[in-house]
Amino acid sequence: MRIVIGAPSNGAALKEEVRQYLERDNRVSNVVDLSTPDVTYPDVSIRAAQMVVDGEADRAILICGTGVGTAIAASKVRGARAATAHDLITARGAVENYDAQILCMGQNIIAPIYATALVDVWLDAKHDPAGFYGPKVAEISDYENR
């Protein structure tokens, strides 16, 4: 799996912990870090989401103070589905139910050990378009494509 990761300065410390975790994970073939000291959360979020939508990455992880700003910005990219998750059920459901390709977390909300546990669940989660939520995700995509 190819993962793009990014964070503005208020998510840099947690992003670094998660990046190192991903680089040691056998499920991950490549990690691209879009972070720079002066990057804003909208810029890094939109760039990461566009890479996913364009097929340059399979999924993305974005980290800011709360995970909310990155999710809002990334979701502005047509075809991108970003979800803020700070618990295991939400992280798994974001992918399984809603086909979210982008996981957003908040450095001010979650400790690194929990963030890596969420990433672990998130990496294993798969969306089934034929499942219960498949038609609902398609309905959202249909609206977005109008």
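Structure: above.
In this report, the structure presented in the accompanying data block is examined. (Residues numbered from 1 in each chain as written. Predicted model: local features only at pLDDT ≥ 70, side-chain atom pairs only at ≥ 80, totals over all residues. Heavy atoms only, no water.)

1. Here we look at the packing of aromatic side chains
What describes a pair of aromatic rings is the distance from one ring centre to the other and the angle between the planes of the rings. Across all of its chains, the model carries two aromatic pairs by this definition. Summarising the aromatic geometry, the rings of tyrosine 98 and tyrosine 133 are spaced 5.2 Å apart at their centres and angled 70 degrees between planes, so their arrangement reads as edge-to-face. Highlighted residues: tyrosine 98 in the loop between helix H4 (88–96) and strand E5 (102–106) and tyrosine 133 in the loop between helix H5 (112–124) and helix H6 (134–144), separated in sequence by 35 residues. With a relative accessible area of 43%, tyrosine 98 lands in the partly exposed category. Ring centres of phenylalanine 132 and tyrosine 133 lie 5.2 Å apart, and the angle between their planes is 85 degrees; on these two criteria the pair is classed as edge-to-face. Relative accessible area serves as the criterion here: at 62%, phenylalanine 132 is assigned to the exposed category. By relative accessible area, which is 27% here, tyrosine 133 ends up partly exposed. In textbook terms, an aromatic cluster arises when at least three aromatic residues are bridged by ring pairs, as seen for Tyr98, Phe132 and Tyr133. Over the ring of tryptophan 122 we find arginine 59, and its NZ or CZ is 5.0 Å from the ring centre. (Phe/Tyr/Trp six-rings, centres within 6.5 Å; stacked < 30°, edge-to-face > 60°. Helix = DSSP H or I, 4+ residues; strand = E, 2+ residues; numbered from the N terminus. Buried < 20%, exposed > 50% of the residue type's maximum accessible area, 1.4 Å probe, protein only. Lys NZ or Arg CZ within 6 Å of the ring centre and 35° of its normal.)

2. Some details on the nonpolar core
Judged by nonpolar contacts, the single largest core of 22 residues is most densely connected at Val18, Leu22, Ile61, Met105 and Val119. Of all elements in the fold, only strand E1 (2–6), helix H1 (12–23), strand E3 (59–64), H4, E5 and H5 reach the threshold of two or more residues within this core. For leucine 22, the residues in contact, after removing those within four places along its chain, are Ile3, Ile5, Val28, Val31, Ile61, Val119 and Leu123. Among the nonpolar cores identified, the runner-up in size contains 18 residues, and Val39, Ala49, Met51 and Ala60 belong to it. (Core = buried A, V, L, I, M, F, W, Y, C linked by side-chain atoms within 4.5 Å. Contact = heavy atoms within 4.5 Å.)

3. Details of the pattern of salt bridges
Tallied over the full model, the rule gives eleven salt bridges. Between arginine 2 and aspartate 58 there is a salt bridge whose closest N-O contact spans 3.1 Å. A residue pair is termed long-range when its members are at least 10 positions apart, and arginine 2 in strand E1 and aspartate 58 in the loop between helix H2 (41–53) and E3 qualify at 56 residues. Under the relative-accessibility criterion, arginine 2 is labelled partly exposed at 29%. Salt-bridge contacts for glutamate 16 lead to arginine 19; the nearest nitrogen and oxygen are separated by 2.1 Å. In this pair, glutamate 16 and arginine 19 both sit in helix H1, three residues apart, roughly one turn of the helix. Residue classification places arginine 19 among the buried residues on the basis of a relative accessible area of 15%. (Salt bridge = Lys/Arg side-chain N within 4 Å of Asp/Glu carboxyl O.)

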